[in-house]
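Architecture at a glance
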Amino acid sequence: MLKVEDLEAWYGRSYILQKVNLHVDAGEVVSVIGRNGAGKTTTLRALMGLVAKRHGRVEFEGRDLLGLPTHERYRHGLAYVPEDRSIVPGLTVRENLRLGLLASPHLKREAEIIERLAETFPRLKERLDQIGETLSGGEQQMLAIARALAADPRMILLDEPSEGIMPVLVDEMFELFEKLRAEGMTILLVEQSVDRALAISDRAYIMDQGVIVHESGAAALLADEEMQERYCSV
Ligand SMILES: Nc1ncnc2c1ncn2[C@@H]1O[C@H](COP(=O)(O)OP(=O)(O)O)[C@@H](O)[C@H]1O
Ligand SMILES: [Mg+2]
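Because the structure is a prediction, the values reported are computed rather than measured.

This part is about the sheet that holds strand E4 (residues 53-60). With antiparallel pairing, 4 strands are arranged side by side in an open sheet as E2-E1-E4-E5. The sheet is open, and its two borders are formed by strand E2 (14-24) and strand E5 (63-64), each paired with just one other strand. Here strand E1 (residues 2-11) pairs with E4 via 7 bridges, running antiparallel. Bridge pairing in E4 places Glu-5 opposite Arg-57. Helix-sheet contacts for helix H1 (residues 40-47) involve E1, E2 and E4, and the interaxial angle to E2 is about 70°.

Now the structure itself:
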């Protein structure tokens with residue numbers, strides 16, 4: 001479904017992604033793990049067209065994405081939940097959800113889609129008319145995920161969704177990922193919470209200093225303490 005070949009990215013003169021290769025098949029959950037600064041966020045940003053200077057090949061469902069602007073990638077069924085959540089200040093929960101729809105071909109079905117999301121996210125349902133940034137951290141993360149799902153994507157990129165969130169909400173979030181996965185959603189997950197990420201993943205890549213240094217089945221990596229020690233401790 002997603003094929004990334006020799007992806008390179010620069011911030012100014014700093015060479016960050018140094019030929020990243022990875023793939024995600026339809027229906028898979030794949031984790032990218034690695035230390036702080038390894039290049040995980042930059043990889044997701046480059047996949048969404050958010051890094052100005054980049055090179056290489058990104059193919060999504062057979063279509064070359066690299067020249068496409070971010071909103072076109074959403075339109076093609078690829079969604080992204082950034083690390084900082086990007087809840088728009090001053091807008092209500094409902095309005096934030098509407099923003100997710102703007103980038104999709106489904107704007108006419110807005111009422112129906114927001115209704116459906118509210119059912120999936122009971123915490124948001126009670127708060128549709130509350131200002132988004134007044135939600136708790138975990139609720140904001142849920143909103144960011146719901147907003148990404150509003151466009152009805154086939155694949156979603158998640159950047160450290162559990163970061164700074166109460167454990168009870170993290171449980172809820174991972175249950176949601178399980179549910180999405182059961183419904184056929186393809187997921188590329190970046191997580192510091194390695195055990196949790198691997199528990200719901202089919203495969204995993206380890207990233208270090210801008211390259212993929214290891215690929216394996218999630219269960220095998222979960223059992224490989226030495227590999228985790230070497231590349232995953234912060
Ligand atoms: N906006 C930026 N400008 C310059 N350097 C950056 C910027 N964002 C990240 N970097 C650098 O790029 C490298 C990779 O960062 P990042 O992709 O955020 O890593 P990770 O998500 O794995 O922690 C780090 O060395 C970081 O300092
Ligand atoms: Mg990051």
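Next comes the rest of the description.
With that out of the way, let us pick up the packing of helix H3 (residues 93-102) against helix H6 (residues 137-150). Helix packing geometry: the angle between the two helix axes and the distance between the axes. The contact between H3 and H6 brings their axes to 7 Å, and the two run at 35°. Our pair here, H3 against H6, has a crossing hand that is right-handed. Residues Val-93, Asn-96, Leu-97, Leu-99, Gly-100 and Leu-101 of H3 pack against Leu-143, Ala-146, Arg-147, Ala-148 and Ala-150 of H6. Of the residues that constitute the contact of H3 with H6, the class distribution is 8 nonpolar, 2 polar and 1 charged.

The backbone of Asp-152 shows a phi angle near 60°, a positive value even though the residue is not glycine. Its place among the elements puts Asp-152 in the loop between H6 and strand E7 (155-159). Take Asp-152: there are 15 C-beta atoms within 10 Å of it, and that puts it in the partly exposed class. Positive phi is not limited to glycine here, since Glu-160 has a value of about 50°.

Rules used in this analysis
- Residues numbered from 1 in each chain as written.
- Chains lettered and ligands numbered in written order.
- Predicted model: local features only at pLDDT ≥ 70, side-chain atom pairs only at ≥ 80, totals over all residues.
- Pairing = 2+ DSSP bridges.
- Helix = DSSP H or I, 4+ residues; strand = E, 2+ residues; numbered from the N terminus.
- Contact = placed C-beta atoms within 7 Å.
- Axes fitted to C-alpha atoms, helices over the stretch in contact; angles between N-to-C directions.
- Left-handed = near helix turned anticlockwise from the far one by under 90°.
- Nonpolar A, V, L, I, M, F, W, Y, C, P; charged D, E, K, R; others polar.
- Buried ≥ 20, exposed ≤ 12 C-beta atoms within 10 Å, placed from the backbone.

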